[in-house]
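Residues per chain, in single letters:
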Amino acid sequence: MDTLVLDGIKKCYGQTIALDGFSATLTHGICGVLGENGAGKSTVLNLLSTLIQPDQGMILYNGSTIYTRYYQSLLGYLPQHFGVYGHMKLQDYLRYVAALKNVDGSTIDPMIQTTLNDLDLLPYADSKLKTLSGGMRQRVGIAQALINSPKVLLLDEPTVGLDPRQRIRFKTLLSRLANHCIVILSSHIVSDIEDIADTVWLLKKGKLCCEGTVESLIKSLDGTVYVKDGDTMDLPLDATIVNIRLKPIPMVRFISNALVQPSWRMVRPDLNDVYMRVYDVD
Ligand SMILES: Nc1ncnc2c1ncn2[C@@H]1O[C@H](COP(=O)(O)OP(=O)(O)OP(=O)(O)O)[C@@H](O)[C@H]1O
Ligand SMILES: [Mg+2]
């Protein structure tokens, strides 16, 4: 089983400490990275992509440094801000990416066809990239990351702009790939991570503040998540408000360790509850 280890990583941009004392280990499967804006998610992915290097600490793939052509040849990477060459046709662009990634010539065309099919982009193979919609371009970004059958796949907010049907398709594809690949994806859509991740990292101000399997994180809130009719006026002091529904009747979902009140109905926790609790408590 391949492993990717981050050991005591510190990364600063000038005076800003983006990551501090960050240690974690990854193996095959999907790791979902969650965190508020500026928490350090993209910095982790950029470090794993070798685009930037840590100020302190080590990153090792199967025990060896990642700053090698070998590791880079195993990588697929979708950056958070993905720009395309608008004048190129989709198929030509993927051929260009395949050439950059040194994909074996005879396998390029079948690989492009498979990838276009996987991302539901076959009808646009001959379209210029500038003519594609935002969600289609995002899928082109995912496609270019997959073109060399990567062993380490880094996806920074891949589901941004994908419609609900494409999100399902993407999640199914990723689950298939994760059997023989280390997949790390960041997202602000907590339910996407809950549906597909084997493990989850919650980042807070450059530190890994919480990690575990989806099940174990959710279980940690068993018996503390409630809904009640009405507004938030009479909630206990320790309550974390997870959701407020205004229609058809006002209702609040919240987390609390206080003594249960007759008007509260206990509900099954989910990953969004975990997220809201972690970032509510300082
Ligand atoms: N190139 C840069 N120069 C200076 N500071 C940076 C740079 N990139 C990131 N930072 C800072 O590092 C910290 C972590 O940023 P990062 O982009 O990793 O966050 P993020 O979790 O990906 O946020 P988001 O959810 O908004 O994408 C932030 O404080 C950010 O302002
Ligand atoms: Mg980011």
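Residues numbered from 1 in each chain as written. Chains lettered and ligands numbered in written order. Predicted model: local features only at pLDDT ≥ 70, side-chain atom pairs only at ≥ 80, totals over all residues.

## A look at the nonpolar core
No. 1: Ranked by internal contacts, the top residues of the largest apolar core, which has 71 residues, are A143, V183 and I184.
No. 2: With 6 residues, the single largest contributor to this core is helix 5 (residues 134-146).
No. 3: Taken together, domain 1 (4-213) and domain 2 (220-280) each give at least three residues to this core, which thus spans both.
No. 4: Setting aside chain neighbours within four positions, we find V183 in contact with I30, C31, L153, L174, L177 and A178. (Core = buried A, V, L, I, M, F, W, Y, C linked by C-beta atoms within 7 Å. Buried ≥ 20, exposed ≤ 12 C-beta atoms within 10 Å, placed from the backbone. Helix = DSSP H or I, 4+ residues; strand = E, 2+ residues; numbered from the N terminus. Domains from an automatic or database assignment. Contact = placed C-beta atoms within 7 Å.)

## Digging into the site of ligand 1
No. 1: Taken together, Y13, T16, A18, G35, N37, G38, A39, G40, K41, S42, T43 and Q80 form the complete shell of residues around ligand 1.
No. 2: For the shell around ligand 1, the secondary structure elements donating two or more residues are strand 2 (16-26) and helix 1 (41-48).
No. 3: Considering each element in turn, the shell around ligand 1 owes the most residues, 3 residues, to helix 1.
No. 4: Residue classes in the shell around ligand 1 are distributed as 3 nonpolar, 8 polar and 1 charged. (Near = placed C-beta within 6 Å. Nonpolar A, V, L, I, M, F, W, Y, C, P; charged D, E, K, R; others polar.)

## Observations concerning the domain arrangement of the protein chain
No. 1: In terms of domain boundaries, the protein chain breaks down into domain 1 (4-213) and domain 2 (220-280).
No. 2: A straight line from the C-alpha centre of domain 1 to that of domain 2 covers 34 Å.
No. 3: Contact residues are listed per partner, giving 9 residues for domain 1 and 6 residues for domain 2.
No. 4: Residue assignment for the side of domain 1 that touches domain 2 shows that the elements contributing at least two residues are helix 7 (190-196) and strand 10 (207-213).
No. 5: Here the side of domain 1 that touches domain 2 takes 4 residues from helix 7, the largest share from any one element.
No. 6: When the residues that make up the side of domain 1 that touches domain 2 are grouped by side-chain class, the tally is 6 nonpolar, 1 polar and 2 charged.

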